[in-house]
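# A look at the structure
Each chain is listed here by its residues.
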Amino acid sequence: TPTAVSFASTSGSSSSRSIGAMANRTSKTSFTHLNRLVAGEMETENDPFEAFYMFQIVHPTTNDTNDTTNDDEEGNGVVFQCEGASGQPTFAPAALIAMLLGQIRSQVMATMDRIRGHHCADTAADTAAQQPMDVTYLLAVGPTTSIQAQRQLLDAAFVAGMGSTTTQIVESSQCYSSTVHRKFPNTTDKKKTILICDMGHCETTICVVQ
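In this text, all values refer to a predicted model and were calculated from it rather than measured experimentally.

### Observations concerning helix α3 (residues 147–159)
Between its first and last C-alpha, α3 extends 19 Å over 13 residues, near the 18 Å set by a 1.5 Å rise per residue. All of the buried residues along α3 are Gln148, Ala149, Gln152, Leu153, Ala156 and Ala157. Of the residues trailing α3, Gly161 is marked for its positive phi of about 90°.

Written out as structure tokens, the structure reads:
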């Protein structure tokens, strides 16, 4: 799913935004590769994606746009400016990611409701299905993800309604290992070495698990 947010009008109104696959990634009122906008994820010099961005990056110490100097390694105060919108609204990384996570949360809850509703064969089960669900969200990050970036992700998850106690940061290799173990359980004592290639929207991750 593309990690993108676009606005339908040049006003930058959050009420007219499109998220993920529905976002118009060629619009001047769009923000793309949201997972790379958190602190420390972008290249400080000659970032390969920067030429494709329709938005501008404003650094706090220079108040300059698209300044690639490493003046804020932790990403403190960095905002992204929607240059095609009237008034050129700016957004913090956590605010943009919160929009995406909010959409993901809505999809998860809708899926859970469908699953529970499908199995409701009597009134008692239907009543139980209406009770709030306990959902734990795992946000997978790379091994070099900074502490500041993790905080921004947790802030975004909280704003998105995922909850501060039900959201956890985990390393992506742990997710890969769990997925492999669940889909292909090892029924023998023989050790296996598996190479996993995860081709995402804006980056490719290679992981070796045993």
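Past the structure itself, the notes keep going.
### Focus on the nonpolar core
In this structure, Phe31, Leu34, Leu37, Phe80, Leu96 and Leu101 are the most contacted members of the largest nonpolar core, which totals 31 residues. Secondary-structure elements contributing two or more residues to this core are β1 (5–7), α1 (93–118), β7 (137–141) and α3. Among all residues touching Leu37, those that are not within four sequence positions of it are Thr32, Met42, Tyr53, Phe55, Phe80, Pro93 and Leu96. By size, the runner-up hydrophobic cluster in this structure holds 5 residues, among which are Tyr176, Ile196, Cys207 and Val209.

### Quick word on the sheet that holds strand β4 (residues 56–58)
The pairing of strands in a sheet comes from backbone hydrogen bonds and takes either a parallel or an antiparallel form. Strands sit in the order β4-β5-β6 across an open sheet of 3 strands; the sheet is antiparallel. At either end of the open sheet lies a strand with only one pairing partner, and these are β4 and β6 (90–91).

Rules used in this analysis
Residues numbered from 1 in each chain as written. Predicted model: local features only at pLDDT ≥ 70, side-chain atom pairs only at ≥ 80, totals over all residues. Heavy atoms only, no water. Helix = DSSP H or I, 4+ residues; strand = E, 2+ residues; numbered from the N terminus. Expected span 1.5 Å × (residues − 1). Buried < 20%, exposed > 50% of the residue type's maximum accessible area, 1.4 Å probe, protein only. Core = buried A, V, L, I, M, F, W, Y, C linked by side-chain atoms within 4.5 Å. Contact = heavy atoms within 4.5 Å. Pairing = 2+ DSSP bridges.

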